[in-house]
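Structure at a glance
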Amino acid sequence: MITELLSSDPKEKLGFDPDELRAKYLYERDKRLRSEGNAQYLEVANELADYNDDPYTEWVERAPLNDEVQVAIIGGGFGGLLMGGRLREAGFTDLRVIEKAGDFGGTWYWNRYPGAACDVESYCYLPMLEELKYIPKHKYSFAPEIFEHSKAIARHYDLYKNACLQTGVKEMRWDEPSGRWIIQTDRGDTIRAQFVAMANGPLNRPKLPGIPGITKFKGHTFHTSRWDYDYTGGDSTGNMTGLANKRVAIIGTGATAVQCIPHLGASAQHLYVFQRTPSSVDVRANRSTDEAFVNTLEPGWQYRRMDNFNILVSGGDQEEDLVADGWTEIFRNLTGIAAKSAARELGRRLSSKEKGRMMELLDFQKMNQVRARVDEIVTDPATAEALKPWYRQFCKRPCFHDEYLPTFNRPNVTLVDTSGKGVERITERGIVVDGKEYEVDCIIFATGFEVGTSYTRRAGYEIIGRDGLTLTDKWANGWRTLYGLQAHSFPNCFFLGFTQTAISVNVPHALNEQAKHVTYILEQARRRGATRIEATLTAEDMWLREMKSKAKIAERFYAECTPGYYNNEGKLDVTNGFFAGTYGGGPIPFFNLLEEWRATGRLEGVEFQ
Ligand code: NDP
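Basis of the calculations
Once a new chain begins, its residue numbering starts again from 1 and follows that chain's sequence as written. Residues qualify for local features only when their pLDDT is at least 70, as the model is predicted, and side-chain atom pairs are given and counted only at 80 or more; totals for whole chains, interfaces and linings, by contrast, use all residues. Based on all heavy atoms of the structure, the side-chain values leave hydrogens and waters out of the count. A 1.4 Å probe rolled over the protein chains alone gives each residue an accessible area, and that area as a share of the maximum for its type sets the label: buried under 20%, exposed over 50%, partly exposed in between. Helix numbers and strand numbers start at the N terminus; a helix is a DSSP run of H or I with at least 4 residues, a strand a run of E with at least 2. Only strands joined by at least two bridges in the DSSP assignment are considered to pair. For a crossover, the right-handed case is the one in which the path from the first strand over the helix to the second runs clockwise, viewed with the strands pointing away from the viewer. Residue ranges for the domains trace back to a domain assignment, done automatically or taken from a database. Two residues qualify as a contact provided that any one of their heavy atoms is within 4.5 Å of a heavy atom in the partner residue. Buried area: the sum, over both parts, of the accessible surface (1.4 Å probe) that disappears when the two are put together. Polar contacts here mean pairs of N or O atoms no more than 3.5 Å apart (in protein, one a potential hydrogen donor and the other a potential acceptor; neighbouring residues in sequence count only if both atoms are side-chain atoms). Lines fitted to the C-alpha atoms define the axes, with helices restricted to the stretch that makes contact. Angles between their N-to-C directions range from 0 to 180 degrees.

1. Comments concerning the pairing of strand β3 (residues 95-98)
Residue alternation in β3 divides its side chains into two sets, Leu95 and Val97 and Arg96 and Ile98, and both sets are buried. Bridge analysis of strand β2 (residues 66-74) against β3 gives four bridges, and the strand direction is parallel. Within the sheet, the bridge partner assigned to isoleucine 74 lies in β3 and is isoleucine 98. For the crossover that starts at β2, traverses helix α4 (residues 78-89) and ends in the parallel β3, the hand is right-handed.

Take a look at the structure:
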């Protein structure tokens, strides 16, 4: 098999021509490249600000606060929950979570669209299952359960106490004489905090497409992360009776759209799906949690399972694949695991050129299989053709769903493929593509979240560090941090998320490692009586060098991808975009690095005063 792949002309054996496929991928990428890149999207502000309104929780008035806490945690999603939980475990009592939403949950507070579910196995994805003695109901949990679990974590660690919900930070300023951060909020609060952990989330701010006429539409509109159940009726399980007499348009076919389109198709009088780039959609096979499986679980099971998954999806090998799903299958076939078995087969190591070639061919094969699945399921040949993704598997977030493709066989569902160009115009009555107007009653924007805009814009507030330096200026030419978690001139401040840290497919796993690390630093501060902790410039330089040295492979790969948020909408550079803030060495070396740093006890690169 491997020798076939590596032979100079594998066409006949493979059943496809790799050169043709490569050319097709580049053609599809070129069709979609836009000179505006990320600037094609509109900020949800000013006349579009209503798209941000919280449809889920009644506004509760309260008096402004003027007080002090030891640790302020900004954001009550998984990052904030893990941070709060780990700090509580370490005996920190004086905490305050500040959260814009009406409750804890972060992405799972906002994303309540019908069909929303996690697509990383829930036994790995839902944090702190053993701590809370909870077992998810399905292999892939649905959103309401994840939201409930988030609230349960907050209760378990007493994070509701002292929390400021429905509160947006407006500014955070370091006050050198008092050694405190002064946090101003949109409730008129002035909160002083000795330490701040920023857990704003990576994809927290909805974005809208810059389609001409977007404000002209006279019908109803909303973004998927602010689902208007008052209008649609039904709930996260579907049954949207309010749409029975409505012509509905959805713009976007990313991971969100893939989950909600089956429900829209089942409920709407007619559904028009406006597609720019199709997602790759593979088998889901969700199932209820099996009692027999639960009975096998022994203490420590969740972290073992998370590690097992993380190793496999980082290209490492494991004797057993505990999760055994679409993610681990892709990684087994496309990464170092495949190279290892090839080396075994050949009796020698593969050169890096051979490795690259083999992985590309395996990727072609995998995507051929994904495309063949479309043909198997979708009956209309033109629709099937339009639903096929022409790019390498990791150019976009892989999706897994069993009802998405069959939805296009429904007589009341029309795919409007824009051939990579996107929607042409929005009018008072509907949507125009290729000069044809589709009249609709409602437009749903499944157009994702801001990525690649400045950190402070996405956070929604400025952070003013020592000597008046703003974080916007500090990071204007790219990230500068120590391990992504601390920055020089920003003492006692910690960043959780994707600011030069390593991402795992299982994001909460990465957040947990970060929360553990920050907790360790704060424990050290407590033990040493330090009141001020700051990363040095030399340490930042070291991390920047390391980040750059590991960034190259991903850059080459993403340059050849169809545009999307993974590659900064086709304008890849080292300072912007999702992966610009990601450690190319991968999560395992990164977690090890943090652990080793802690184990030395030397606290290298961090000044304690
Ligand atoms: P995405 O950014 O992935 O998708 C946005 C969609 O809008 C794309 O299909 C994009 O097309 C399309 N689009 C943008 N502009 C236009 C336009 N002018 N005309 C037509 N179409 C347009 O956002 P999602 O909300 O789908 O997903 C965001 C992320 O959230 C995911 O990648 C995933 O990480 C996470 N997520 C996770 C889930 C889970 O765990 N189960 C579920 C849902 C989301 P194009 O591709 O051409 O840019």
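Anyway, onward from the coordinates.
2. Observations regarding the domain arrangement of the protein
By domain assignment, the protein separates into domain 1 (19-53 + 207-285 + 325-448) and domain 2 (66-204 + 453-535 + 587-603). One C-alpha centre belongs to domain 1, the other to domain 2; they are set 31 Å apart. Each partner contributes residues to the interface: domain 1 has 23 residues there, and domain 2 has 18 residues. Taken as a group, Ser236, Gln259 and Arg284 account for 29% of the area that domain 1 buries against domain 2, more than any other trio of residues on that side. At the surface where domain 1 touches domain 2, the tally comes to seven residue pairs in polar contact (both at pLDDT 80 or more). Elements with a contribution of two residues or more to the side of domain 1 that touches domain 2: α10 (255-267) and α13 (326-334). It is α10 that contributes the most residues to the side of domain 1 that touches domain 2, five residues altogether.

3. Things to note about the sheet that holds strand β17 (residues 442-445)
Hydrogen bonds between backbone atoms are what pair the strands of a sheet, whose relative direction is either parallel or antiparallel. If you walk across this open sheet you meet the five strands as β8-β17-β9-β10-β13, and the pairing is parallel. Strand pairing shows two members of the sheet lacking a second neighbour, β8 (220-223) and β13 (413-417), which therefore form its edges. Each strand axis lies, on average, 20° off the axis of its neighbour in the sheet, ignoring direction. In this sheet, β17 lies alongside β8 in parallel orientation, the contact comprising four bridges. Note that in β17 the partner of threonine 221 across the bridge is isoleucine 443. Of the strands in this sheet, β9 (247-251), β10 (270-275), β13 and β17 are in contact with α10, which crosses β9 at around 170°.

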